[in-house]
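Close look at the chain arrangement
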Amino acid sequence: MATAPHLLTPLPSLSKDVAEWVESVRQLTQAKAVRWCEGSESEVKELTAELVRSGDLLPLNAEHFPGCHLARSHPSDVARVEHLTYICTQSKDDAGPNNNWMAPDEARAKMRSLFSGCMKDRTLYVVPYCMGPIDSPYSRCGVEITDSPYVVLNMAIMTRMGRPALERIAREGTFVKGMHSIGELDPERRFIMHFPETLEIQSYGSGYGGNALLGKKCHALRIASWQARTEGWLAEHMLIVGLQNPQGETHYVACAFPSACGKTNLAMLIPPASLPGWKVFTVGDDIAWLTPGPDGRLWAINPESGYFGVVPGTNPETNRNAYEMIRRDTLFTNVALTEDNQPWWEGLTTGKPVIDWQGRPYDPANGPAAHPNSRFTVSARNNPAYSPHAEDPRGVPISALVFGGRRRELAPLVYEARDWKHGVLVGASVASETTAAATGKVGVVRRDPMAMQPFCGYNFADYWAHWLNVGAKLKNPPRIYHVNWFRRDADGRFLWPGYGENLRVLEWMLRRCAGQASANETAIGNLPRPEDLNVKGLNVSDADLKALLSVDPALWKKEVADIRAYLQGYGSRLPAELLNQLAIVESRLG
Ligand code: OXD
Ligand code: MN
């Protein structure tokens, strides 16, 4: 084996378990060199320079975007591949109807043959990482082996990566083992396998974030959701945001929305001028690990340390914090370029694209200039609204949980579950239109319980039972809500302006939590009446507000029947409580 100078670093000696496993993967992949990643700034600089030299990264306009680079992926590798993502448990029922399943032995054999010799001409990078603040008891560690330096650079932003993580692994003696190779980037030889029983991930054939940054969806959601059930906590596809009211009190809310439905925007919301005195702090924009605390409340940490966000649509009006945050030290993937080498995407009102995301001269006939799922990767520390408590090892206490989807009709702007059990039904029945974050048709309504359809590492029936159990342990459970920012009229016009104005809805929730706001009790839950929302300075007609805050019993009866059919698909493992809750809604609908 050719020796890389980095082999001489003392890192391998920190953990014998990791070193032995790395050696076994080196033998399997026949990697040309092995490089242990320290996570230092100089290492990131050096790798970046290597990728610039090889042409895999393009430096962007240094005057307007200092420290920013553009990566272009293979055109067939631009999103998560749910149809190629598997949960490999001994029993198929443990994976459940919500997951693709493969027997572990079969999956291992398949992956072994793919990984065999796949790094002959490549360096094998060892990336020890910690998900969550390095000193938090709620954090968990892993090691990703990858042959993609682009993945290493992303992991350095998205996780606490390097020496401190390896030291923690050495102390704890346990870690998630993640193997990744971009392989040949051949969609026919692409699989994302999870072995939750042995805390292993094997991903081959894709360099796209959701498939390749193993700390993110694979570890922090699929494997962690399994660990969380065993250990009594929850790993969720939720943003965490702190809302400081004009009286100076801060409350934290965690919200689960499907991919590309505005989690990053809500996590960085800018209060409208007509709601003076409010401040918003981001704790996380994609994943929350929630643990019942000794005080009977639910406490949350964000396992990530950066954002891997959707770029199109980001502008000073929709998300000024994000717009400013990505103007320095940001890794862009699949955006377009302007004449003077600035990144460009749909939704920007300034500049013009001349080169599209595939590096071709821009021609509208080829579709959008930036890929609809083009991304930024950026450190959370760049975020002007980053919460001072985001690094708190205890996490933050959660006052409200919010579920939501992208639905043209049916779901009102907001409603409140009557209690935790009803809230679990509300979460389990979330449906949303599909987006460009995953390959497949966009705009099709599908069930996406708790926004976890692509991410729950086990049978949803057991997951809902776990949610019910966690709630039963909480003396002070958060209230549970459902929101829909995406209601439209018959002509397709959005009824609600969204973005900063969403604070009005969150404000109502917080007043409800404090027992200070009233609501209209309906069959599906408690809705604000127009007068319960703060509408000062809001540009929405009375008729639209009425439509946003109404429940159509005929449509909801149909919805209840759909939800029942969906839940019954989980057979005898389905907790009876969910059908009880559904029966209550149905009887109230009359
Ligand atoms: C993401 C996703 O990238 O949900 O966060 O797809
Ligand atoms: Mn996500």
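Residues numbered from 1 in each chain as written. Chains lettered and ligands numbered in written order. Predicted model: local features only at pLDDT ≥ 70, side-chain atom pairs only at ≥ 80, totals over all residues. Heavy atoms only, no water.

**Examining the overall build of the chain**
The secondary structure content of the chain amounts to 16 helices and 30 strands. Rg of the C-alpha trace for the chain: 23 Å, near the compact-globule value of 25 Å for 590 residues, within the 12% margin. Dimensions of the chain along its principal axes, counting C-alpha atoms only, are 75 × 55 × 45 Å. Partitioning the contacts of the chain with sequence separation of at least 6, the portion at a separation of at least 24 is 72%. Accessible area for the chain stands at about 22200 Å²; split by element, carbon and sulfur atoms hold 51% of it. Across the chain, the 62 positively charged side chains and the 64 negatively charged ones have centroids separated by 2 Å. (Helix = DSSP H or I, 4+ residues; strand = E, 2+ residues; numbered from the N terminus. Rg over C-alpha atoms; globule rule 2.2 N^0.38 Å. Contact = heavy atoms within 4.5 Å. Areas by Shrake-Rupley, 256 points an atom, 1.4 Å probe, with all protein chains shown as cover. Lys, Arg positive; Asp, Glu negative; His and termini not counted. Charge placed at Lys NZ, Arg CZ, Asp CG, Glu CD.)

**Section: the coordination of the manganese ion (ligand 2)**
Those protein atoms acting as donors to the manganese ion (ligand 2) are K217 (NZ), H237 (NE2) and D286 (OD), and they sit at 2.2 Å. Summarised as a motif, the one-chain spacing of the donors to the manganese ion (ligand 2) is K-x19-H-x48-D. In this pair, K217 sits in helix 8 (residues 215–231) while D286 sits in the loop between strand 15 (279–284) and strand 16 (288–292), placing the two residues 69 residues apart along the sequence. Since its relative accessible area comes to 9%, D286 is described here as buried. (Donors = N, O, S within 2.8 Å, 3.2 Å for Na, K, Ca; no water. Buried < 20%, exposed > 50% of the residue type's maximum accessible area, 1.4 Å probe, protein only.)

**With respect to the pattern of salt bridges**
Enumeration according to the criterion identifies 36 salt bridges in this entry. K263 is the partner of D286 in a salt bridge, and the nearest nitrogen-oxygen pair spans 3.6 Å. Taken as a pair, D286 in the loop between strand 15 and strand 16 and K263 in helix 9 (residues 263–267) lie far apart in primary sequence, 23 residues in all. For the residue pair D286 and K263, the accessibility class agrees, reading buried in each case. Between D329 and R328 there is a salt bridge; the shortest N-O distance is 3.9 Å. Under the relative-accessibility criterion, D329 is labelled partly exposed at 45%. (Salt bridge = Lys/Arg side-chain N within 4 Å of Asp/Glu carboxyl O.)

**Notes on the site of ligand 1**
Around ligand 1, the surrounding shell consists of R80, K216, K217, H237, S259, D286, F308, R375, A437 and F455. Measuring from an oxygen atom of ligand 1, one finds a side-chain N or O atom of R80 at 2.9 Å. For ligand 1, an oxygen atom lies 2.9 Å from a polar atom in the side chain of K217. Considered on its own, ligand 1 offers 210 Å² of accessible surface; in the complex 96% of this is hidden by protein. The residue makeup of the shell around ligand 1, split by class, is three nonpolar, two polar and five charged. (Near = heavy atom within 4 Å. Polar contact = N/O pair within 3.5 Å; in protein donor to acceptor, adjacent residues only side chain to side chain. Nonpolar A, V, L, I, M, F, W, Y, C, P; charged D, E, K, R; others polar.)

**Section: the sheet that holds strand 19 (residues 331–333)**
Pairing is mixed in the open sheet, where five strands are placed in the order 2-3-19-23-18. Looking at the sheet topology across the chains shown, the edges are occupied by strand 2 (58–59) and strand 18 (306–310). Two strands pair when backbone bridges link them, and strand 2 and strand 3 (residues 69–71) are joined in this way by two bridges, in the antiparallel orientation. Bridge pairing in strand 3 links L58 to L70. (Pairing = 2+ DSSP bridges.)

**Regarding the packing of helix 11 (residues 420–428) against helix 12 (residues 460–473)**
Running from amino to carboxyl end, helix 11 crosses helix 12 at an angle of 150°, the nearest separation of the two axes being 10 Å. Classified by the angle between their axes, helix 11 and helix 12 sit roughly antiparallel to one another. For helix 11 against helix 12, the interelement crossing comes out right-handed. Here helix 11 contributes W420, K421, V424 and A428 to the contact with helix 12, which in turn contributes W464, W467, L468 and G471. (Axes fitted to C-alpha atoms, helices over the stretch in contact; angles between N-to-C directions. Parallel < 35°, antiparallel > 145°, perpendicular 65-115°, else oblique. Left-handed = near helix turned anticlockwise from the far one by under 90°.)

**Quick word on empty space enclosed by the protein**
In this structure the tally under the stated criterion is two cavities of 30 Å³ or more. Computed from the structure, the largest cavity encloses a volume of approximately 170 Å³. In terms of lining, the largest cavity is formed by 17 residues, of which the most central are Y415, V426, S429, W556 and I563. Counting residues per element, the lining of the largest cavity draws most heavily on helix 15 (residues 553–568), which supplies four residues. A per-class count over the lining of the largest cavity returns twelve nonpolar, three polar and two charged. (1 Å grid on protein atoms, 1.4 Å probe; cavity = no way out; pocket = protein on both sides within 12 Å on 5 of 7 lines; lining within 4 Å. Points joined across faces, edges and corners; volume = space filled by probe spheres on them.)

**Structural notes on the packing of aromatic side chains**
As enumerated under the stated definition, the model contains 22 aromatic pairs in all. Ring geometry for W420 versus W467: centroids 5.5 Å apart, planes at 25°, classification stacked. One end of the pair, W420, is in helix 11; the other, W467, is in helix 12, and 47 residues separate them in sequence. When its relative accessible area of 10% is taken as the criterion, W420 is described as buried. Ring pairs connect the aromatic residues W226, F403, W420, Y458, F460, Y463, W464, W467, Y566 and Y570, which therefore count as one cluster. Seen from the ring of W226, R229 lies directly overhead, with NZ or CZ sitting 5.0 Å from the centre. (Phe/Tyr/Trp six-rings, centres within 6.5 Å; stacked < 30°, edge-to-face > 60°. Lys NZ or Arg CZ within 6 Å of the ring centre and 35° of its normal.)

**Digging into the pairing of strand 28 (residues 479–483)**
Burial of strand 28 is extensive: four of the five residues sit out of reach of the surface. The pairing of strand 25 (residues 414–416) with strand 28 spans three bridges and is classified as antiparallel. Directly across from V414, in strand 28, lies its bridge partner V483.

**A word on the environment of L468**
Of note, L468 is situated in helix 12. According to the relative accessible area criterion, L468 is buried, its value standing at 14%. Each C-alpha atom of the pair L468 and D356 lies 48 Å from the other, and the pair is 112 residues apart in sequence. Beyond its immediate chain neighbours, meaning those up to four positions away, L468 contacts W420, K421, V424, P575 and E577.

**Considering the sheet that holds strand 21 (residues 343–344)**
Taken in spatial order, the three strands of this open sheet run 21-20-22, and their pairing is antiparallel. Either end of the sheet is taken by a strand with one partner, and the two such strands are strand 21 and strand 22 (353–355). Here two bridges tie strand 20 (residues 336–338) to strand 22, and the two strands are oriented antiparallel to one another. From the neighbouring strand, L337 faces strand 22, where its bridge partner is I355.

**Side note on helix 5 (residues 149–158)**
Of all ten residues in helix 5, nine are buried, a share of seventy percent or more. Within helix 5, burial applies to P149, Y150, V151, V152, L153, N154, M155, I157 and M158.

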